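One-letter residues, chain by chain:
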Amino acid sequence: MKSKFIPLILILIFLITFVIFFKGLKNSNIYAPDTNLKKEVPSFELKSFENDSIVISEKIFKDKDYYFMNIWASWCIPCKEEHKFLMELKKDDRIELIGFNYKDNFTNASSFLKDLGNPYDIIVSDKDGTTSIEWGAYGVPESFLVYQNKIIKRFIGPINNEDLSEIQKIIK
Amino acid sequence: MKFIHIFLIVAIILNFNFLKADEIKTENKITKNLRCLICQGQSVYDSDSEFAISLKIVIKNKIQQGLSEEQIYSFLKMKYGEWILYDPVFSRNTYFLWLLPILIFLAGGAIIIKRFYKKK
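These figures come from a predicted structure and were not determined experimentally.

Some points on the interface of chain B and chain A
Facing 12 residues of chain B, the contacting portion of chain A comprises 12 residues. Of all the elements in the fold, those that place two or more residues in the side of chain B that touches chain A are α2 (50-64) and α3 (69-80) of chain B. At six residues, the largest contribution of residues to the side of chain B that touches chain A is made by α2 of chain B.

See the structure below:
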């Protein structure tokens, strides 16, 4: 009686473990954060980029339906890559671009904008990166598409042509 | 009077230091349990990436605001998902993970006890 049961249980345990690991093999082991979110825009108070005045989030996200919040820095090379797409997006007046200048200094950042053009309607500076953490950001560059005070999509890394046409499709 | 003044000042300084030491301890404990999401296999405590530096400041501020460890974890979980925690919470997805070692331990114990009594 006993000798019958033990091999059976062993085989069962082996089978269960096998099925679990076999299923696990097919899962991707590259971690990809969720890009389709439905989260409220976190409120913040930051210094304006141009002067020392304080900008509060409630004043930024109120007039338009769509906002594109872009975290950038002059020391970030991929930010240069995506800049032309931001300039392209600027031409659309249904969307307003908000720049989050991330851990940067004023001189470098303003010469960056002077060389490549300024796509932003409002720029705030996030000197210590803490407000970016409140947004759930990973680093630079990163962008959030905001619709009626809700983050509806996030772009980690530089945006490309495909992302640009996706944004233009959404805001149509 | 002077003695009382000095005593009070010393007491305040000592208490303040204890509080600070506690805060640093909690901060280290929390950051050691957080995965640095942009580095490979490093905790936020170990990492010097921009992301980790900012996250450490945020956690320090939250502790100073009086948030508990649990509240800070749930804040970060809301922002970055459960992946940021090294210690997975006990939920529907992790029952198997948490219970399997206990089950194996119990099964092994049962086999040993059975053998032991059989020998007797």
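Describing the sheet that holds strand β6 (residues 122-126) of chain A
Hydrogen bonds between backbone groups are what pair the strands of a sheet, and the pairing can be parallel or antiparallel. Residue and element names in this part refer to chain A. Reading across from one edge, β1-β8-β7-β4-β5-β6-β2-β3 is the order of the eight strands in this open sheet, with mixed pairing throughout. Single-partner strands in this sheet number two, and they are β1 (39-40) and β3 (54-56). The pairing of strand β2 (residues 45-48) with β3 spans three bridges and is classified as antiparallel. Across the sheet, the residue bridging to Glu45 is Ile56, located in β3. Against the sheet, helix α3 (residues 77-90) engages β4 (66-72) and β5 (95-102), with an angle of about 155° to β5.

Let's talk about unusual backbone geometry
Residue and element names in this part refer to chain A. With an omega of -15°, the peptide bond between Val140 and Pro141 qualifies as cis. Mapping Pro141 onto the fold places it in the loop between α5 (130-134) and β7 (142-147). Residue Lys103 is not a glycine yet carries a positive backbone phi of 45°. Within the secondary structure, Lys103 is located in the loop between β5 and α4 (106-116).

About the criteria used
- Residues numbered from 1 in each chain as written.
- Chains lettered and ligands numbered in written order.
- Predicted model: local features only at pLDDT ≥ 70, side-chain atom pairs only at ≥ 80, totals over all residues.
- Contact = placed C-beta atoms within 7 Å.
- Helix = DSSP H or I, 4+ residues; strand = E, 2+ residues; numbered from the N terminus.
- Pairing = 2+ DSSP bridges.
- Axes fitted to C-alpha atoms, helices over the stretch in contact; angles between N-to-C directions.

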